[in-house]
Amino acid sequence: MKLNKPLGSGKEEKKKALEDNIFDLSSNKTEATKQPTIKNQYVEIPETDEEWDNAFFDEGVTQLIGIYPDASFEEAQGLTYEFYCEKDEYISEKVFFQKVLTNLLNFNCLLGKFNAKIESCKNASVDIEWLENKLNEIAEDREEFLQHSGLYFHNQKRYIDESLPIVEKILIKSANNLFGDVSSINNLFNGTEIIHPQMKEQYQNFCNGNQDSDKLDFGNRDFLNLINNYIEYTRLYSFSKEYESIFELFNEYAEDYKYGGKINDSLFRKHNPNIVSLSKNQLEELLNFCLDLNDKYAKKDKLQKKISRETFKNKNLIEKELELQGLSDEEIHNQVFKWLQTRSQLNNTINEKYVKVNKGGWYVLKLVKRLKQSNTSIYTIPMTIYEEALGLINTMSLHALKQPKENIYIYVHKNEIEAIISYLKESSESKKIIEKLISQTFGDKFEFKEQSSF
């Protein structure tokens, strides 16, 4: 299944999933991939609060994206919307996080295969010296990989710990200058969700493109800092949650095997309370639901866009009808503007819900991919050559001996469960599957608030 394209029609994606056997976890499936080297990705960043303040020019992101004190209203507005529409600057790092975890899953899968081969050879009185030497080599490579990854994670954590407080500081300062009642970041947000009434209203107007609102003052430096730094805050906060999830998942998977490559106690023993396991059947049910839901919302979004196009085509007819009623040009303009704005906001709302439902499906697809990766090994060519040679010598093949059991479970982080729920709850149709997901993972630790249907 192509995972680098948006989710399309639910039926179409289901067909692709079946064709690609996305839930075929046969342990005989292999993938010969070269193990990339994890290098130190550290980039020098400021050491002190003063250096960080200087880095942000005491103005926040607005200064960094080119909105200077003498910028015109139109320039400030254009740059702010441009920044809002820009691609998330942390996307590449998030992708790299996933690659690091994938490489560990590959190592684990390969160690599982060698452990199973060694056990089979012992039972069949077959020499295991080559297999044990190879197991040690792979275990050493894995240990080196863990050390490099540890350094990489450390540097990412340092960046987050030093940069996120600065953005929060600027947000609090700007919000307090505007609203006068903000003492901490908790007065503004729950995670990235805006809970401050005035800021929530202003940001919603901004997102809806309601540029004529008297609350959108692009000439006000505090307003510009609040909007732009909130955009930066959401990206950085999302990055920090992604780091937390992958880092803790990585450590959990790292503990599945001992230093020498032997299985550590038993798999999926879970030491971290933030991590749960989901089964193949649970993921399959969740994915099918997401594909169906995405299909429904795609149709709603398409229908609404068609209605909106027809609405704007009828604008001239409505203006003429209002003119026949004896209304002034200003009254006609105001009524038509409000009418078009209402239609536009409805279109934006439906599209926003569709996008969120789509993202929920993407999160589930990411988990399905993790399940596939946990059953896919690397360095398969040397093992195949050895097995063929051993088969000629011993008139038997190790392929006929014991294979490791399929991994039908994966580790899933609490943050990932929360993200799936936050997107799927946009639809009231998701209530049952969300409640089931909650009961299967973290019990009653989540509160589900049903969304209104439309």
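Looking at this structure, how should I read the packing of helix α6 (residues 129-179) against helix α8 (residues 221-254)?
With their axes 8 Å apart at the nearest point, α6 and α8 run at an angle of 155° to one another. Viewed along their axes, α6 and α8 adopt a mutual orientation that is roughly antiparallel. Judged by the twist between their axes, the crossing of α6 over α8 is left-handed. Taken together, the residues of the contact of α6 with α8 break down into 25 nonpolar, eight polar and five charged.

Sorry if this is basic, but what is going on with helix α4 (residues 73-85) here?
The α-helix winds at 3.6 residues per turn, so residues separated by three or four positions along the chain end up facing the same way. The end-to-end C-alpha distance of α4, which contains 13 residues, comes to 19 Å, matching closely the 18 Å that a straight helix rising 1.5 Å per residue would cover. Taken residue by residue, α4 has Ala76, Gln77, Thr80, Tyr81 and Phe83 as its buried positions. Looking straight down α4, one finds its buried side chains confined to an arc of 155°; they lie on one side. What points out from α4, more than 90 degrees from its buried face, is the exposed set Glu74 and Cys85. Those residues of α4 that are buried are in contact with α3 (61-64), α7 (197-207) and α8.

I keep staring at the nonpolar core and nothing clicks. Help me out?
The nonpolar side chains of a soluble globular protein tend to be buried with one another. Core analysis: the biggest nonpolar cluster contains 87 residues, and Leu171 and Phe189 have the highest contact counts within it. Per-element tally for this core: the top contributor is α8, with 15 residues. Among all residues touching leucine 171, those that are not within four sequence positions of it are Ile185, Leu188, Phe189, Leu226, Asn229, Tyr230 and Tyr233.

Would you mind going over the packing of aromatic side chains with me for this structure?
Each aromatic ring pair is specified by the distance between its two centres and by the angle formed by the two planes. For the structure on display, the rule yields 27 aromatic pairs. Stacked on the ring of phenylalanine 83, the Lys or Arg arginine 235 has its end atom at 4.8 Å from the ring centre.

What's the story with the side chain of histidine 196 in this structure? I'm lost.
In this structure, histidine 196 sits in the loop between β2 (193-194) and α7. Under the relative-accessibility criterion, histidine 196 is labelled buried at 5%. For histidine 196, the side chain forms a polar contact with the side chain of aspartate 181, separated by 3.1 Å. Contact partners of histidine 196, with chain neighbours within four places excluded, come to Phe179, Asp181, Val182, Asn187 and Leu188.

Looking at this structure, how should I read the pairing of strand β4 (residues 409-413)?
Counting buried residues along β4, four of its five residues qualify, which places the element largely inside the surrounding structure. Inspection of the sheet shows strand β3 (residues 275-279) paired to β4 by five bridges, in the antiparallel sense. Residue pairing for β4: serine 279 is matched across the bridge by tyrosine 409.

Got a minute to help me understand the pairing of β3 in this structure?
Residues in a regular strand point their side chains to alternate faces of the sheet. Taken across its five residues, β3 has five buried, putting it largely inside the fold. Alternating residues of β3 divide into Ile275, Ser277 and Ser279 and Val276 and Leu278, and every residue in both groups is buried.

Hey, could you run me through helix α14 (residues 431-441) in this one?
Within α14 the residues assigned to the buried category are Ile433, Ile434, Leu437, Ile438 and Thr441. Each buried residue of α14 lies within a common arc of 140° when the element is viewed along its axis, so the set occupies one face. Exposed residues pointing more than 90 degrees away from the buried face of α14 are listed as Lys432 and Ser439. Count one or two residues on from α14 and you reach glycine 443, which has phi positive near 65°.

Even after reading the chapter, I still don't get the environment of leucine 135, so can you show me in this structure?
With respect to the secondary-structure elements, leucine 135 resides in helix α6. For the pair leucine 135 and leucine 110, spaced 25 residues apart in sequence, the C-alpha separation works out to 8.9 Å. Every residue in contact with leucine 135, bar those within four places of it in the chain, is listed here: Leu111, Phe114, Asn115, Ile118, Gly260, Gly261 and Lys262.

Please explain the side chain of serine 427 as it appears in this structure.
Positionally, serine 427 belongs in the loop between α13 (414-424) and α14. Within the local environment of serine 427, its side chain forms a polar contact with the backbone nitrogen of glutamate 429, the two atoms lying 3.1 Å apart. Beyond its immediate stretch of four places on either side in the chain, serine 427 contacts Leu293 and Tyr297.

What is the right way to look at the confidence of the model for the protein chain in this model?
Detailed conclusions should not be drawn from predicted coordinates in areas where pLDDT is low. Mean pLDDT over the protein chain works out to 77, with 71% of the residues at or above the 70 mark. Of all the helices and strands in the protein chain, helix α12 (residues 380-394) carries the lowest mean pLDDT, 47, while α8 carries the highest, 94. In the model, residues 389-398 has pLDDT below 50 throughout and makes 14 contacts with residues more than four positions away in sequence or in other chains. In this model, residues 448-454 is a region of pLDDT below 50 whose contacts with residues beyond four sequence positions or in other chains number 15 contacts.

Whenever I open this one, the pattern of salt bridges confuses me. Can you help?
Side-chain pairs of opposite charge can arise where the charged atoms are in close proximity. A full pass over the atoms with the stated rule returns twelve salt bridges. A salt bridge links glutamate 416 to arginine 370, with the shortest nitrogen-to-oxygen separation between them at 2.6 Å. Taken as a pair, glutamate 416 in helix α13 and arginine 370 in helix α11 (residues 329-373) lie far apart in primary sequence, 46 residues in all. Connected via shared salt-bridge partners are Lys353, Lys356 and Glu426.

What counts and what doesn't
Residue numbers restart at each chain and count upward from 1, following the sequence in its written direction. At least 70 in pLDDT is required for a residue's local features to be given in this predicted model, at least 80 for side-chain atom pairs to be given and counted, and no such filter applies to totals for whole chains, interfaces and linings, which use all residues. Note that the side-chain values use all heavy atoms of the structure and ignore hydrogens as well as water. Here an angle of 0 to 180 degrees is reported between the N-to-C directions of two axes, which are lines fitted to C-alpha atoms, with helices fitted over the stretch in contact. Only runs of H or I of at least four residues qualify as helices and only runs of E of at least two qualify as strands under DSSP, and these elements are numbered from the N terminus. Here roughly perpendicular refers to angles of 65 to 115 degrees, roughly parallel to angles under 35, roughly antiparallel to angles over 145, and oblique to all remaining angles. Here a crossing is taken to be left-handed if its near helix is turned anticlockwise relative to the far helix by less than a right angle, and right-handed if that turn runs clockwise. Residue type decides the class: Asp, Glu, Lys and Arg count as charged, Ala, Val, Leu, Ile, Met, Phe, Trp, Tyr, Cys and Pro as nonpolar, and the leftover types, Gly among them, as polar. Multiplying one less than the number of residues by 1.5 Å gives the expected span of a helix. For every residue, the accessible area (1.4 Å probe, protein chains only) is compared with the maximum for its type, and the residue is labelled buried under 20%, exposed over 50%, or partly exposed between those bounds. Think of the arc as the fan of directions from the helix axis to the C-beta atoms. The contact rule is simple, with two residues in contact once any of their heavy atoms fall within 4.5 Å. Buried Ala, Val, Leu, Ile, Met, Phe, Trp, Tyr and Cys residues form a nonpolar core when they are joined through side-chain atoms within 4.5 Å. Between 30 and 60 degrees the pair is tilted, below 30 it is stacked and above 60 it is edge-to-face, where a pair is any two Phe, Tyr or Trp rings, Trp via its six-membered ring, whose centres lie within 6.5 Å. Any Lys NZ or Arg CZ found within 6 Å of a ring centre and within 35 degrees of that ring's normal is scored as a charge over the ring. As used in this structure description, the phrase polar contact means that two N or O atoms lie within 3.5 Å; if the pair is within protein, one of them must be able to donate a hydrogen and the other to accept it, and residues adjacent in sequence are counted only when both atoms belong to side chains. Any two strands with at least two DSSP-identified bridges between them are counted as paired. One number per residue, pLDDT, summarises how confident the predictor is, and it ranges from 0 to 100. Any Lys or Arg side-chain nitrogen found within 4 Å of a carboxyl oxygen on Asp or Glu counts as a salt bridge.

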